[in-house]
Amino acid sequence: MKRSEINRAFHEASDCFAKQGWALPPRPRWDITDFGLGDFRRCGLTLVNLATEPEYCEKLMYARRGQITPCHAHQKKKEDIICRVGELSLRLWPTKPASAGESTETFPVRVDGEVYAATAGKLLVLFAGSRVTLPPGLWHEFFPTSEECIIGEVSTANDDLRDNFFLDAEIGRFSTIEEDAPAHVRLVSE
Ligand SMILES: O=C(CO)[C@@H](O)[C@H](O)CO
């Protein structure tokens, strides 16, 4: 991923957080990734790690319309994905899907604490304030269906190096950075 693109993503997310009144802590821990696919607008995510404790983690994330966090699962982490601002769409699968498509299989999932029968691969839309609870092993992808979206994550321990399993074997969690401009921000991976 180009440094100039990381700079742009950092400014866009910062502007949106400021506009929406989401204050960041001093020295925010930024994590901006194109998942190694080189097409950040289509497949990418901007994250700030707010709390990274051995027992729990909290993140604030930002994405724009059309920008997907691709299908993946965690072996250890249980997480709530929360739509903070905008509209967030997710697709969920109870087991590793052959491809990220829809099927007729239904399975229970908790939305705002209530059990709901989700259909594998079918769009689940979260409006601002709502959350979905994803136990370990539940495959998921998500993307804004509003122009931009602020997304929260509250979870058990987070280990981005060892606990992200992507459906697409080409995907890497952290991007290699092409230095085409001076850095406006340093990332957790640097
Ligand atoms: O778990 C999530 C989203 O489900 C993020 O915290 C990861 O960093 C994405 O790889």
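Note: the structure precedes this text.
Residues numbered from 1 in each chain as written. Predicted model: local features only at pLDDT ≥ 70, side-chain atom pairs only at ≥ 80, totals over all residues. Heavy atoms only, no water.

(A) A look at the packing of aromatic side chains. If you walk through the whole model with that rule in mind, you get four aromatic pairs. For the ring pair phenylalanine 17 and tyrosine 62, a centre distance of 6.3 Å and an interplane angle of 80° mean the geometry is edge-to-face. Here the residue phenylalanine 17 occupies a position in helix H1 (residues 3-19), and tyrosine 62 occupies one in strand S3 (residues 56-64), the gap between them amounting to 45 residues. The exposure class of phenylalanine 17 is buried, given its relative accessible area of 1%. (Phe/Tyr/Trp six-rings, centres within 6.5 Å; stacked < 30°, edge-to-face > 60°. Helix = DSSP H or I, 4+ residues; strand = E, 2+ residues; numbered from the N terminus. Buried < 20%, exposed > 50% of the residue type's maximum accessible area, 1.4 Å probe, protein only.)

(B) Summary view of the sheet that holds strand S12 (residues 148-156). What the eight strands build is an open sheet, ordered S1-S2-S3-S12-S5-S10-S7-S8; its pairing is antiparallel. Single-partner strands in this sheet number two, and they are strand S1 (29-33) and strand S8 (114-119). Going from strand to strand, the sheet's axes swing by 30° on average, the running direction of each strand aside. As paired elements, strand S7 (residues 106-111) and strand S10 (residues 131-134) share two bridges and run antiparallel to each other. Its bridge partner lying in S10, valine 111 is registered against valine 132. (Pairing = 2+ DSSP bridges. Axes fitted to C-alpha atoms, helices over the stretch in contact; angles between N-to-C directions.)

(C) Broad picture of the pairing of S8. When S7 meets S8, the two strands line up antiparallel, connected through six bridges. Bridge pairing links valine 109 to tyrosine 116 in S8. Hairpin geometry of S7 and S8 is characterised by an intervening segment of two residues between the two adjacent antiparallel strands and by a positive phi of about 50° at aspartate 112.

(D) Region of the structure containing the sheet that holds strand S6 (residues 87-93). Strand order in the open sheet formed by five strands is S9-S6-S11-S4-S13, with antiparallel pairing between adjacent strands. The sheet is open, and its two edges are formed by strand S9 (124-127) and strand S13 (165-166), each paired on a single side. In this structure, strand S4 (residues 69-73) lies alongside S13, joined through two bridges in antiparallel fashion. Among the inter-strand pairings, alanine 73 is bridged to a residue of S13, identified as phenylalanine 165.

(E) Representation of the pairing of S3 within the structure. In this structure, strand S2 (residues 45-52) lies alongside S3, joined through six bridges in antiparallel fashion. The partner of asparagine 49 across the bridge, within S3, is lysine 59. Hairpin remark: S2 followed by S3, antiparallel, with three residues in the connecting loop. Note that S3 and S12 share nine bridges and pair antiparallel. Across the sheet, residue tyrosine 62 finds its bridge partner in S12, namely isoleucine 150.

(F) The site of the ligand, seen in detail. With respect to spatial proximity, 14 residues lie near the ligand, and among them Lys59, His74, Lys77, Glu153 and Asp160 are the closest. Within the contact set of the ligand, an oxygen atom lies 3.1 Å away from a side-chain nitrogen or oxygen of histidine 72. The contact in question runs from an oxygen atom of the ligand to an N or O atom on the side chain of glutamate 79, over 3.0 Å. Alone, the ligand offers 290 Å² of accessible surface; in the complex the protein occludes 100% of this. The set of elements that each furnish at least two residues to the shell around the ligand consists of strand S5 (79-85) and strand S11 (139-144). Of the residues that constitute the shell around the ligand, the class distribution is four nonpolar, four polar and six charged. (Near = heavy atom within 4 Å. Polar contact = N/O pair within 3.5 Å; in protein donor to acceptor, adjacent residues only side chain to side chain. Areas by Shrake-Rupley, 256 points an atom, 1.4 Å probe, with all protein chains shown as cover. Nonpolar A, V, L, I, M, F, W, Y, C, P; charged D, E, K, R; others polar.)

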